[in-house]
There are 2 protein chains.
Amino acid sequence: MNSKKRVTSYDVAKAAGVSQSAVSRVYVEGRSVSKKTKAMVLATAKELGYKPNAIARMLITKRSGMVAVILSSRANLIYPEVLSLLNKRLSEKNERVLLFNLDDAAGLDDILEQIWTFQVDGVIALAAHFDNESIENFKVHNIPVVLYNRRVSGHSASSVCCNHEQGIRQLVNILDDFGHKRFLVLAGPSESDVAQERLECAIKSLSLKGHNDVPIKYGDFSYDSGRLTFAEAMHSNNVPTAVICSNDTMAIGVIDEARKNFGLRIPEDLSVVGFDGVNAVFWHSYQLTTIKQPLEQMTKAAVDILLEQIESPENPAQLRLWSGAFIEGNTVGPVRNEQ
Amino acid sequence: MNSKKRVTSYDVAKAAGVSQSAVSRVYVEGRSVSKKTKAMVLATAKELGYKPNAIARMLITKRSGMVAVILSSRANLIYPEVLSLLNKRLSEKNERVLLFNLDDAAGLDDILEQIWTFQVDGVIALAAHFDNESIENFKVHNIPVVLYNRRVSGHSASSVCCNHEQGIRQLVNILDDFGHKRFLVLAGPSESDVAQERLECAIKSLSLKGHNDVPIKYGDFSYDSGRLTFAEAMHSNNVPTAVICSNDTMAIGVIDEARKNFGLRIPEDLSVVGFDGVNAVFWHSYQLTTIKQPLEQMTKAAVDILLEQIESPENPAQLRLWSGAFIEGNTVGPVRNEQ
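What you are looking at is a predicted structure, and each value in this text was computed from that prediction instead of being measured.

## As for the overall build of chain A
And step 1. Each helix and strand in chain A was counted, giving twelve helices and twelve strands.
And step 2. For 339 residues, the compact-globule estimate of 2.2 N^0.38 gives 20 Å, and chain A exceeds it by more than 25% at 26 Å.
And step 3. Taken along its principal axes, the extent of the C-alpha atoms in chain A is 95 × 45 × 35 Å.
And step 4. Counting over 339 residues, chain A shows a buried share of 54%.
And step 5. Within chain A, contacts between residues at least 6 apart in sequence are counted, and of these 72% link residues at least 24 apart.

## What to know about the domain arrangement of chain A
And step 1. Taken domain by domain, chain A comprises domain 1 (9-61), domain 2 (66-162 + 295-323) and domain 3 (164-293).
And step 2. The centre of domain 1 of chain A, based on its C-alpha atoms, is set 61 Å off from the matching centre of domain 3 of chain A.

## Digging into the sheet that holds strand S1 (residues 66-71) of chain B
And step 1. In space, the twelve strands of this open sheet follow the order S11(A)-S5(A)-S4(A)-S3(A)-S1(A)-S2(A)-S2(B)-S1(B)-S3(B)-S4(B)-S5(B)-S11(B), with mixed pairing throughout. Each of the sheet's edge strands pairs with one partner strand only, and the pair in question is strand S11 (319-322) of chain A together with strand S11 (319-322) of chain B. For this sheet the average axis-to-axis angle between neighbouring strands, irrespective of direction, equals 20 degrees.
And step 2. Relative to strand S3 (residues 122-125) of chain A, strand S1 (residues 66-71) of chain A is paired through four bridges, and the arrangement is parallel. Looking at S3(A), one finds that Ile70(A) is bridged to Ala125(A).
And step 3. Here helix H12 (residues 295-311) of chain A sits on the sheet and contacts S1, S3, strand S4 (145-148), strand S5 (158-162) and S11 of chain A; the angle it forms with S4(A), its principal contact strand, is near 165 degrees.

## Points about the pairing of strand S8 (residues 242-245) of chain A
Consecutive residues of a regular strand have side chains that alternate between opposite faces of the sheet.
Residue and element names in this part refer to chain A.
And step 1. Burial of S8 is two-sided: the residues Ala242 and Ile244 facing one way and the residues Val243 and Cys245 facing the other way are all buried.
And step 2. Sheet analysis places strand S6 (residues 183-187) next to S8, joined by four bridges and oriented parallel. Across the sheet, residue Val185 finds its bridge partner in S8, namely Ile244.
And step 3. Note: S8 against strand S9 (residues 271-273), three bridges, orientation parallel. Residue pairing for S9: Ile244 is matched across the bridge by Val273.

## Side note on helix H2 (residues 20-27) of chain A
Each α-helix turn comprises 3.6 residues. Residues three or four places apart therefore point the same way.
All names here are of chain A.
And step 1. Buried within H2 are the following residues: Ala22, Val23, Val26 and Tyr27. End-on, the buried residues of H2 take up no more than an arc of 140 degrees, which puts them together on one face.
And step 2. The backbone nitrogen of Ala22 has a side-chain oxygen 3.0 Å away, supplied by the residue at the start of H2, namely Ser19.

## Focus: the pairing of S1(B)
All names here are of chain B.
And step 1. S1 sits mainly inside the fold: six of its six residues count as buried.
And step 2. Strand direction decides the pairing type here: S1 and strand S2 (residues 96-101), joined by six bridges, are parallel. Of the residues in S2, the one forming a bridge with Met66 is Arg96.

## A word on a negative patch on the surface
And step 1. Residues Asp109(A), Asp110(A), Asp131(A) and Glu133(A) make up a contiguous surface patch of negative charge.
And step 2. Relative to the assigned elements, Asp131(A) resides in the loop between S3 and helix H7 (132-140).

## Here we look at helix H11 (residues 248-262) of chain A
Residue and element names in this part refer to chain A.
And step 1. Across its 15 residues, H11 extends 20 Å between first and last C-alpha, which sits within 8% of the 21 Å expected from 1.5 Å per residue.
And step 2. Burial runs high along H11: eleven of the 15 residues are buried.
And step 3. All of the buried residues in H11 are Asp248, Thr249, Met250, Ala251, Ile252, Gly253, Val254, Ile255, Asp256, Glu257 and Ala258.
And step 4. For H11, the secondary structure elements touched by its buried residues are S6, helix H10 (223-234), S8, S9 and strand S10 (290-292).
And step 5. Sitting at the amino-terminal end of H11 is Asn247, which places a side-chain oxygen 3.0 Å from the backbone nitrogen of Met250.

## Side note on the sheet that holds S6(A)
All names here are of chain A.
And step 1. One open sheet holds the four strands; their spatial order is S7-S6-S8-S9, and the pairing between them is parallel. A strand with exactly one partner marks an edge of an open sheet, and here the two such strands are strand S7 (216-218) and S9. With strand direction ignored, the average angle separating the axes of adjacent strands in the sheet is 20 degrees.
And step 2. Together, S6, S7 and S8 form the strand contacts of helix H9 (residues 193-208), whose direction differs from that of S6 by roughly 165 degrees.

## Let's talk about the pattern of salt bridges
And step 1. Counted according to the given criterion, the structure contains 20 salt bridges over all chains.
And step 2. Lys204(A) is the partner of Glu165(A) in a salt bridge, and the nearest nitrogen-oxygen pair spans 2.8 Å. Taken as a pair, Glu165(A) in helix H8 (residues 164-177) and Lys204(A) in helix H9 lie far apart in primary sequence, 39 residues in all.
And step 3. The residue Arg227(B) makes a salt bridge to Glu257(B) at a minimum N-O spacing of 2.7 Å. With a gap of 30 residues between them, Arg227(B) in helix H10 (residues 223-234) and Glu257(B) in helix H11 (residues 248-262) connect regions that are remote in the sequence. Considered together, Arg227(B) and Glu257(B) belong to a single accessibility category, that of buried residues.
And step 4. Three or more residues joined by partner-sharing salt bridges are found here, namely Glu165(A), Arg169(A) and Lys204(A).

## Some details on unusual backbone geometry
And step 1. Between Ile266(A) and the following residue, Pro267(A), the backbone shows a cis peptide bond with an omega angle of 5 degrees.
And step 2. Phi angles above zero are rare outside glycine, and Gln119(B) is one such case at about 50 degrees.
And step 3. Relative to the helices and strands, Gln119(B) resides in the loop between helix H6 (108-118) and strand S3 (122-125).

## Things to note about the environment of Cys161(B)
All names here are of chain B.
And step 1. Along the chain, Cys161 falls in strand S5 (residues 158-162).
And step 2. Note: C-alpha distance between Cys161 and Leu319 (158 residues apart in sequence) is 7.6 Å.
And step 3. Among residues more than four places away in sequence, those in contact with Cys161 are Asn149, Arg150, Arg151, Met298, Leu319, Arg320, Leu321 and Trp322.

## A look at the packing of aromatic side chains
And step 1. Overall, the coordinates contain 14 aromatic pairs over all chains when judged by the stated rule.
And step 2. Seen from their ring centres, Phe100(A) and Phe118(A) are 6.1 Å apart, and the 70 degrees between their planes marks the pair as edge-to-face. Here Phe100(A) is found in strand S2 (residues 96-101), whereas its partner Phe118(A) is found in helix H6 (residues 108-118), with 18 residues between them in sequence. Phe118(A) matches Phe100(A) in its accessibility class, with the two residues each being buried.
And step 3. Centre to centre, the rings of Tyr286(A) and Tyr286(B) are 6.2 Å apart; their planes meet at 75 degrees, and the pair counts as edge-to-face. Taken together, the residues span two chains, with Tyr286(A) in the loop between S9 and S10 and Tyr286(B) in the loop between strand S9 (271-273) and strand S10 (290-292).
And step 4. Owing to a relative accessible area of 1%, Tyr286(A) belongs among the buried residues under this scheme.

## Remarks on the nonpolar core
And step 1. Judged by nonpolar contacts, the single largest core of 146 residues is most densely connected at Ile124(A) and Ile124(B).
And step 2. Those residues in contact with Ile124(A) that sit more than four places away from it in its chain are Val67(A), Ala68(A), Val69(A), Ile70(A), Leu86(A), Leu90(A), Val146(A), Ala302(A), Val303(A) and Leu306(A).
And step 3. Residues Met66(B), Leu102(B), Leu108(B) and Phe130(B) belong to the second largest nonpolar core, which totals 50 residues.

## A look at a nonpolar patch on the surface
And step 1. A surface patch of nonpolar side chains, about 260 Å² in accessible area, is lined by Ile203(A), Ile216(A) and Tyr218(A).
And step 2. For Ile203(A), the position within the fold is in helix H9.

Calculation rules
Residues numbered from 1 in each chain as written. Chains lettered and ligands numbered in written order. Predicted model: local features only at pLDDT ≥ 70, side-chain atom pairs only at ≥ 80, totals over all residues. Heavy atoms only, no water. Helix = DSSP H or I, 4+ residues; strand = E, 2+ residues; numbered from the N terminus. Rg over C-alpha atoms; globule rule 2.2 N^0.38 Å. Buried < 20%, exposed > 50% of the residue type's maximum accessible area, 1.4 Å probe, protein only. Contact = heavy atoms within 4.5 Å. Domains from an automatic or database assignment. Pairing = 2+ DSSP bridges. Axes fitted to C-alpha atoms, helices over the stretch in contact; angles between N-to-C directions. Arc of directions from axis to C-beta. Polar contact = N/O pair within 3.5 Å; in protein donor to acceptor, adjacent residues only side chain to side chain. Patch = residues over 30% accessible without salt bridge, like charges linked within 9 Å, V, L, I, M, F, W, Y side chains within 5 Å. Areas by Shrake-Rupley, 256 points an atom, 1.4 Å probe, with all protein chains shown as cover. Salt bridge = Lys/Arg side-chain N within 4 Å of Asp/Glu carboxyl O. Lys, Arg positive; Asp, Glu negative; His and termini not counted. Charge placed at Lys NZ, Arg CZ, Asp CG, Glu CD. Expected span 1.5 Å × (residues − 1). Phe/Tyr/Trp six-rings, centres within 6.5 Å; stacked < 30°, edge-to-face > 60°. Core = buried A, V, L, I, M, F, W, Y, C linked by side-chain atoms within 4.5 Å.

Below, the structure is given as structure tokens:
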């Protein structure tokens, strides 16, 4: 029993007395095969417990039924939710998610070599920095790609993005309206495209309101990095009255640190904003003012665009840019009159 | 350019003037092929941009380089972290994760049919209820399976589990030592094996300390279900002084609801315990007393056992049971003297 090998089309062909190619043809729609052969193959297959092999079938249909998703364990903490939604949507379209992990050991080139080898039907990238050269590589291999919250200059690949600039400008304008002048920007890790974009948007939005040379600190999107970088800023010469965080989890760290170790009330003594709209934003203890990414719509668009490009590779690349929803929490207020 | 098809071994064979099988043999270690043919195939492959196809290779080596992971979107909220760790470990072993989503539309049987079709090297199940019959099916298809935090009676499949009973008994004993007599058990969704097991452990541990007929409420592992079921209990005739939650996220909901809508102090007025050890447990606002699952060790064991069984299918099934780590938070205290 344990030494039993999987039943292959070869075994069925042998037992049924037909060619292996005849067995394959039975399981591929639209291929010609005689009624008699078909009946014989199906009966033999049932007897032996043979299941048509999606992978063998793929060699004929050129569809593997798999979509590669490129992830990084150091990416923004909202990505488990994005992955879960992508997985659900792709399942509904009869595509399976095949995960590729981008970390220090394996660079993007290694990952791409593996992806060509598996001949996936398409790729959705939640991590990695892409340039026109890597996108050209996708075209050479005839594998469509959709970038999630990242773009390539020249728009050579389709992208689904949240409008970070619009959202961050909205948050900055509210803080400015409330009279804040001493800001801290708490950025994400410098190797993250999303972190980089959000940082640039914050600097630009602040500058448009006349706030220049705003101090910047870098975290890694984690709660602890929010806490620790905020504590550092409080011990500097430039104590902020408003903290603009590049994600919600760091903002939650800032709130907890401010309350516990500096006795500050939120928002009376300190205003804090985040980005993403993770679940904890809505918890009573936080009620964070933030921008919620429309993950449902963004993941649906990513899957729809990808499937269209699998069907019609000549489709031009497109950008779909979604506005985030403003979440009016309870962590932003007028600057304290202290002078 | 856009209408270009992927280069296949057939194209290489044709251009090089050799058989398709000769092309395959070049890319499979240990297969005989003449030096001349090999050189010709490699030169032609390079010229045409052909990459050896992992899937074609799999038809020969009978390894696909893929491990199926069965997930459910309604499973415990710690599973994104489990998936991330599994993905990292399997990547290191040169295996890719192929995701299968178990939800209402597709039952386990449907998922298994798909899994046989993809001929994965093995399966790790984070969701679904398995019986001896479904395990027998894995043996028929010669695909090893490791169950994660779930077991089959008769131990016909390997399992990696956290010792829920030990952890929950420890929490119950502390609450009992502090003099609590009015408990609420906040269970997870009844269709979850983990929720069911944790509920049974809580009832048994309470009973061992003489607490019988303890009220039970059912949530869905979410923050809101923790809040709402706790509020219901507070409006009943049987107000608890200690809440035993089947996961941390519900416990956090209980804490926020108790503080905000009932003005209770934790732990002076109410003791709360959870299970899992998610990140938010350690946040200043919560400091939840709970049991942390040793995810690093559990995921490593799951991958190691699976790879061993792929190599040696005759290996007997094994259970690896890990003790959780007691996290001494700040949400458990003596029962308030109110009578």
